[in-house]
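This is what each chain is made of:
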Amino acid sequence: MTATLPLRVEVNGRSYEHDVEPRRTLADFLREDLGLKGTHVSCEHGFCGNCNVLLDGEAVRSCLMFAIQAQGRSVETVESLTSPGGELSELQQAFTEHHALQCGFCTPAMLLTAKEFLRDNAGETDERAIREAISGVICRCTGYQQIVEAIQSVAARP
Amino acid sequence: MTIEQLPAAARIASDTALKEAGRRWLGKSVNRVEDPRFLRGEGRYIDDISLPGMAHAAIVRSPHAHARIVRIDTSKAEALPGVVKVVTGADVKAHAAPLPSFGAGPIIQDLIAIEKVRHYGEAVAAVIAEDRYVAEDACDLIEVEYEPLPVVLDPFEAQAEGAPLVHELLGTNVAYERTFTFGEVDEAFAEASRKVQAKLRWPRSTGMPMDTNGAIGEYDPGTGVVTIYANSMNFTYFHWLIAASLKIPASKLKVIPVAAGGSFGSKFFMHKVPTFAGFLAMLAGRPVKYVEDRITHIVNNDHCGSDRWYDAELAFEEDGTFRALRIDCVDDYGAYLQFGTGTHGNGLSQIVGPYQMKHVQYSLHAVLTNKNQQGAYRGFGAEVSNWMLERLVDMAARDLGMDRVEIRRRNLITPDQFPYRTPTGNIYDSGNYQGVLEKVLEVADYEHWVAERDKARAEGRHVGIGVAASNERSVFSSTEFWFWFDKPEFTPTASPESASLQIDPTGQIVVTLHSQCLWGNSPETVVSQVVAEEFDVDPSSVVVTYADSQHALPGTGPGGSRFTVMVSGAVAGAAGEVKEKIKRIASHKLEVSGDDLEFRDGGVSVIGSPERKLSLAEIGLAAYMFRLDLPADVDSGLAAQSTYDHPLTTVPSDDRSDLGIFYPFVGHAWHIGVVEVDVETGKLSFLHYAAVHDAGTIVNPKTLDGQIIGGTIQGLGTALYEEYLYDDKGRVRNENFEYYHLPSAMDVPTMTIAHQETPSPYTPYGIKGAGEGGRMLTPAVLSAAIEDALEPYGVRVTSLPITAEQIVEWASSR
Amino acid sequence: MKPPRFEYHAPTTVEEALELLAEGNGTYALAGGQSLVQLMKFRHVKPSALVDLNGVSGLDVLEEREGELHVGALVRQQRLLEDELVGASWPLLREAARFVGYKETRRRGTVGGSLAFAAPWAELTAAAVALDAAIDARSLNGERTIPARSFFRGPNTTALEPGELIVRVRFPAPPARSGAAFHEVSARYRDYCQVAAAALVSLDGSAELVLLRVAETPYRVDASSALEDEGALEDLLASIEPADDIEVSALYRRRVTPVLARRALREAAERARQKEKT
């Protein structure tokens, strides 16, 4: 059996070349091989969404993809949200203003999923639409309300 | 201690004048100081940590709920490249001691099952390998021969003569059985004009945080020190017990706290996983990380919630006055009893709820079965007894044809009755229950929804309103673990919290905490706000660090909604000492009396002449560098540590007719929920949900709301979705998220929340704990709302979860 | 929860993929991975090799040809929701796709994968049967067409032979003057359906009803007689044989099936009427 395969992938705007075992999940590749610990695994079977990353701008479950499948693609993780100077993004700032995180474990996934929603639904403040957008990410701490409020506040800005 | 002997105010080493002058930082919704690192994905949870040379462990879980381990063949696993070591019960037997437990023995739990497994998913072997993938490959290669034993799953069958024994040494599956009588219960029932009785069922669920239990062990043979990184919620309270399991001196165990992605009780006294990691590291000769995967967490986490069968009665009068409660409870604890029957102690702290009642009888049967054991889940048993009580209250209301709000109102403890002594001996420190009730009726727009419900009903729609009240006890005392026994072996009465506060030579404040307390509550923000309040500095300038167990002062950690109160007391205590010293230095340098000084704007200034001041930086520098400028009897440095003990707890009486004061800081809340039921499919929609909570002085309204909403939604999960499902062989059928359902953003209501503040006379700043409250109410609210919606069908909700199938069944039976 | 080892192949043509799949036992096709990778995490399935279809060209075309909707096997489920042509002319596909998991899983999950995996709760299987789709499958022996109505043989069991790959699904134009609706019940929002009803109603008097979770395969009912008389539904549904499972009982399914059927038929009829007006 071939031990590893060469992978070339862009993560957070930077190009990486690594040899990976085919079975290495994208989540584990990001966390262990690239040291980007912000992507979290919680259930590892695709139900909780805490592992969501953006693949070519679209949220997907990184625990259900093999790293090798990201060949030639571009991935964004939570680490990409802060500016090069280290400042929090508008969305991250809204999360702290509205207390949209408690333990923080689902937060990276929530941020990325919300980022996609805000980009594709500019100005959409409808509560149900926002809840629908994050329905695939489980938060056990907040009960979602303050997360929704944080996203609404960003959507409402001109 | 009698009510009369209670202190008028607890000993708090903080500036009382500050409390009266008005809050500057407490009560503000400051952004959490914890947030930035979590927002950036730099939370440093246990699985984010790597040590050089670290190996990874995985376990083999038992497929049987009860079986003797006949033989384990590890040879194929050992031969797999990348495997460091394979570990079985034989290694545990040779090198480790059993895990700690507050339950009366012999109910022995080991790190890995030694002779037999007692529940589905219990560990029978572990593999240490270069990475987790290989460890799991090797686990697949371990061959275990089992001799299945008869399984006991039903707690009633488990009590019967001849039932298979979970613990042969114990000789019975009834781990504990006793009846407590407070007051004149039989007389009260005989005299009361009416009573209602119900059999009620609350099944097993679990806290289920997104981050499972995990630890990294490391052993240094040179020093003999075992270091364990763990996301357990406590360690100073019991790390010496972990050391005993590892057979090392407690002084050679260093537990390092790690941020946790949630707990809700499941990381409370989390002893097995940290001990396991330490044990594996000692055997492997290199650091070992063990993090539960989701299935392991569900079936093997030692932290299921209560699993109860109640037969309960409420005696009352024609005018709705409650007289007495008689409660019989069978609680299925599973295969072990780590907290003894503490979850019933919890219930007994507020067994009469917010109602005036003098007579309570409580019969408890704690039974062992072949299931993953109980631990802690938000409420720790009091959420269950509250649901039971509110069900009886609703039944009484129906029996009398009385309005459900009115019957409660008539029985509420009144403000002049505090501190209120409940029949068990525990007190409620303060309250204004009527105020909360009036507020929730207003905030919920109750009259409007009553009219809406009536209109909908006339149209054939099934809209229902549920109203429930709950007290919310906070800050537990350890007596609740042992007052069950007349002659307990071990009688801890300490449940302190500590803090160290240091002001450095540049005037910056660093606070060190002595528990692992970061799991989604906001300890650093609480600490920062308390420090800010004490010193008038910007909360975000305060640095919070955590001591490891070798450097730790006594601490108990979060649990029982105790942490905000206790850490505030510890921080206020340390702050008070440092402020005293600062005043001495400043009064010496400014040549004024200490009484003329106040803390303002990051320094100390003369009251009335703010230009005469010294900054904390100036004082700090002087304290560290200029000893000869200080008063002669003042030493160098500017730091203090404070251990804050439970401010109000007493021991139970010998005859246990008085359990003492063990949970005295009691908040109060009401929720009102409006649902619409689709009786053809059983699905619910939420039309409105309002909550008013009184948790004493509020530290941070925004984070308090977060706790309320989060707890309420977990209660919703309990009420509608969550339950361990077993097959007849004791295997957990919903051992992953396909079928163990956690509410998503689309499954839950949006809440309207308001607050009331009735401070405690006994706690720092009058704060009461609030973390568990939401979950204490939703099951009662939804039970009542669904009953109300299905009023045409005469439905009685007596068991949870209330499933769509059950609703359709009810609606079909008319 | 890590998957076991496997050999990985990333063919770029269908021929290459078929050659790899023909190698036989233990070689699995990987499309969206939302079901297969999960099973591999549980180690319920241990492929010795995976043939990753995601790089195979030509399998993700979505277009209309001679009145038929051609959906390449690798078309992502989310595209069914977003595509205007699908929404306008094959609305049942969109209605069914709405219930398939969450957006994150629909971005990866594929139409072909959904049909080939044939989970009992897979909404697209009901839509395919209702719309009388044609499933084009190819192997080294050539290509053949299997009607959706005879494609599903049981839970996770289809007419596909070993080494055979779905390459496209063709949906004929729905009946004239028709409207579509999809109703289901599930434990939480977007969990596996416990019962589902797909309805296609034409104002010309025909009604196609396909149910999930009431038999071993998607259960097709000619519900035309129920259009005039809803009471006829009871007889039409008399032969369903739902089972108990971990979540709900057969009895619940029996009670809820006619409810969903009635609601789906009504809604489909109403939509047909609305379309007429515009």
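Quick caveat: nothing in here was measured; it's all calculated off a predicted structure. Residue positions are given per chain, counting from 1 as you read along its sequence in written order. Whichever chain is written first is A, and whichever ligand is written first is 1; the rest continue in order. Per-residue local features of the predicted model are confined to residues with pLDDT of at least 70, and side-chain atom pairs are confined, for both listing and counting, to 80 or more; whole-chain, interface and lining totals are unaffected and use all residues.

Quick notes on the overall build of chain A
Move 1: Secondary structure assignment for chain A yields five helices and five strands.
Move 2: Along the chain direction, N to C, the helices and strands of chain A fall in the order β-β-α-β-β-β-α-α-α-α.
Move 3: The globule rule used here is 2.2 Å times the number of residues to the 0.38 power, and the radius of gyration it is set against is calculated over C-alpha atoms. Whereas a compact globule of 158 residues would reach a radius of gyration of roughly 15 Å, chain A reaches 16 Å, a difference of no more than 12%.
Move 4: Projected onto its principal axes, the C-alpha coordinates of chain A cover approximately 50 × 30 × 25 Å.
Move 5: Here the analysis covers contacts within chain A between residues at least 6 apart in sequence; of these, 60% occur between residues at least 24 apart. Comment: elements are numbered from the N terminus, with helices defined as DSSP H or I runs of at least four residues and strands as E runs of at least two. Working definition of a contact: two residues with C-beta atoms, positioned from the backbone, lying within 7 Å.

Notes on the interface of chain B and chain A
A common measure of how large an interface is: the accessible area buried when the components associate.
Move 1: Counting from both sides, the interface comprises 41 residues of chain B and, opposite them, 41 residues of chain A.
Move 2: Among the elements of the structure, helix H2 (35–39) and helix H19 (701–720) of chain B are those that each provide at least two residues to the side of chain B that touches chain A.
Move 3: If one sorts the elements of the side of chain B that touches chain A by residue count, H19 of chain B sits on top with seven residues.
Move 4: Gly counts as polar in this scheme, as do all residues outside two lists: the nonpolar Ala, Val, Leu, Ile, Met, Phe, Trp, Tyr, Cys and Pro, and the charged Asp, Glu, Lys and Arg. A per-class count over the side of chain B that touches chain A returns 18 nonpolar, 13 polar and ten charged.

Quick look at the environment of Cys141 of chain A
Move 1: Relative to the assigned elements, Cys141 of chain A resides in the loop between helix H4 (127–133) and helix H5 (145–155).
Move 2: For Cys141 of chain A and Leu101 of chain A, which are 40 residues apart along the polypeptide, the C-alpha to C-alpha distance reads 7.8 Å.

Examining the packing of helix H2 (residues 90–97) of chain A against H5 of chain A
Residues and elements named next belong to chain A.
Move 1: For every element, the axis is a line fit to its C-alpha atoms; helices are fit only across the contacting stretch, and the angle between N-to-C directions ranges from 0 to 180 degrees. Contact geometry of H2 with H5 gives a least axis separation of 8 Å together with a crossing angle of 135 degrees. Considered as vectors, H2 and H5 are oriented oblique to each other. You can see that H2 and H5 cross each other, and the crossing is right-handed. Residues Glu90, Leu91, Ala94, Phe95 and Glu97 of H2 lie in contact with H5, whose contacting residues are Ala150, Ser153 and Val154.
Move 2: Split into classes, the residues belonging to the contact of H2 with H5 amount to five nonpolar, one polar and two charged. By the definition adopted for this analysis, an angle is roughly parallel if under 35 degrees, roughly antiparallel if over 145, roughly perpendicular if from 65 to 115, and oblique otherwise. A crossing counts as left-handed when the near helix is turned anticlockwise from the far one by less than a right angle, and as right-handed when that turn is clockwise.

Topic: the packing of helix H12 (residues 382–400) of chain B against helix H20 (residues 773–789) of chain B
All names here are of chain B.
Move 1: Axis separation between H12 and H20 bottoms out at 8 Å; the angle between their running directions is 30 degrees. When the axis of H12 is compared with that of H20, the two are roughly parallel. Where H12 crosses over H20, the two elements pack in a sense that is right-handed. The residues of H20 that touch H12, namely those facing Ala382, Glu383, Asn386, Trp387, Glu390, Arg391 and Asp394, are Arg775, Met776, Pro779, Ala780, Ser783 and Ala784.

What about the sheet that holds strand S15 (residues 359–368) of chain B?
Residue and element names in this part refer to chain B.
Move 1: Two strands pair if DSSP finds at least two bridges between them. Reading across the sheet, the five strands line up as S7-S15-S14-S13-S8 and stay open at both edges, with mixed pairing between neighbours. Where the open sheet ends on each side, the last strands, each with one partner, are strand S7 (174–182) and strand S8 (194–202). With direction set aside, neighbouring strand axes in the sheet form an average angle of 5 degrees.
Move 2: For S7 and S15, the ladder comprises eight bridges, and the chain directions are antiparallel. Along S15, the bridge assignment pairs Val174 with Val367.
Move 3: Sheet strands in contact with H12 are S8 and strand S13 (308–316), and its direction is about 140 degrees off that of S8.

Regarding the interface of chain B and chain C
Move 1: With 25 residues of chain B at the contact, the number on the chain C side is 17 residues.
Move 2: Listed by contribution, the elements that provide at least two residues to the side of chain B that touches chain C are helix H5 (132–141), helix H10 (294–300) and helix H21 (804–812) of chain B.
Move 3: Here the side of chain B that touches chain C takes five residues from H5 of chain B, the largest share from any one element.
Move 4: Class assignment for the residues of the side of chain B that touches chain C results in nine nonpolar, five polar and eleven charged.

Re the domain arrangement of chain B
All names here are of chain B.
Move 1: Throughout, the edges of the domains are those of an automatic or database domain assignment. Along its sequence, chain B is carved into domain 1 (11–30 + 496–644), domain 2 (46–149 + 213–291) and domain 3 (308–400 + 408–480 + 652–812).
Move 2: Centre-to-centre, using C-alpha coordinates, domain 1 lies 40 Å away from domain 2.
Move 3: In the side of domain 1 that touches domain 2, the residues fall into six nonpolar, ten polar and one charged.

Things to note about the pairing of strand S28 (residues 752–756) of chain B
Move 1: Relative to S28 of chain B, strand S27 (residues 683–694) of chain B runs parallel, the two sharing five bridges. Looking at S28 of chain B, one finds that His693 of chain B is bridged to His755 of chain B.

Observations regarding the domain arrangement of chain A
All names here are of chain A.
Move 1: If you check the domain split of chain A, you get domain 1 (5–80) and domain 2 (90–155).
Move 2: When each unit is reduced to the centre of its C-alpha atoms, the spacing between domain 1 and domain 2 is 21 Å.
Move 3: At the interface, 16 residues of domain 1 touch eleven residues of domain 2.
Move 4: With three residues, the top contributor of residues to the side of domain 1 that touches domain 2 is strand S3 (residues 52–55).
Move 5: Here the residues of the side of domain 1 that touches domain 2 sort into six nonpolar, eight polar and two charged.

Things to note about the pairing of strand S9 (residues 214–220) of chain B
All names here are of chain B.
Move 1: Put simply, a residue is buried when 20 or more other C-beta atoms lie within 10 Å of its own C-beta and exposed when 12 or fewer do; between those, it is partly exposed, and each C-beta is set from the backbone. Of all seven residues that make up S9, six are buried, and the element is covered over most of its length.
Move 2: As judged from the four bridges shared by S9 and strand S12 (residues 288–291), these two strands associate in the antiparallel manner. Bridge pairing in S12 places Ile216 opposite Lys289.
Move 3: Pairing of S9 with strand S10 (residues 225–230) involves six bridges; the strand directions are antiparallel. By the bridge assignment, Glu218 is partnered in S10 with Thr227.
Move 4: Linking S9 to S10, which pair antiparallel, is a turn of four residues; within it Gly224 sits at a positive phi near 75 degrees.

Describing the environment of Val37 of chain C
Move 1: One can find Val37 of chain C in helix H2 (residues 36–41).
Move 2: Judged by the 26 C-beta atoms lying within 10 Å of it, Val37 of chain C falls in the buried class.
Move 3: Residues Val37 of chain C and Pro3 of chain C, spaced 34 residues apart in sequence, show a C-alpha to C-alpha distance of 7.7 Å.
Move 4: What Val37 of chain C contacts, discounting residues up to four positions off in sequence, is Leu64 of chain A together with Pro3 of chain C.

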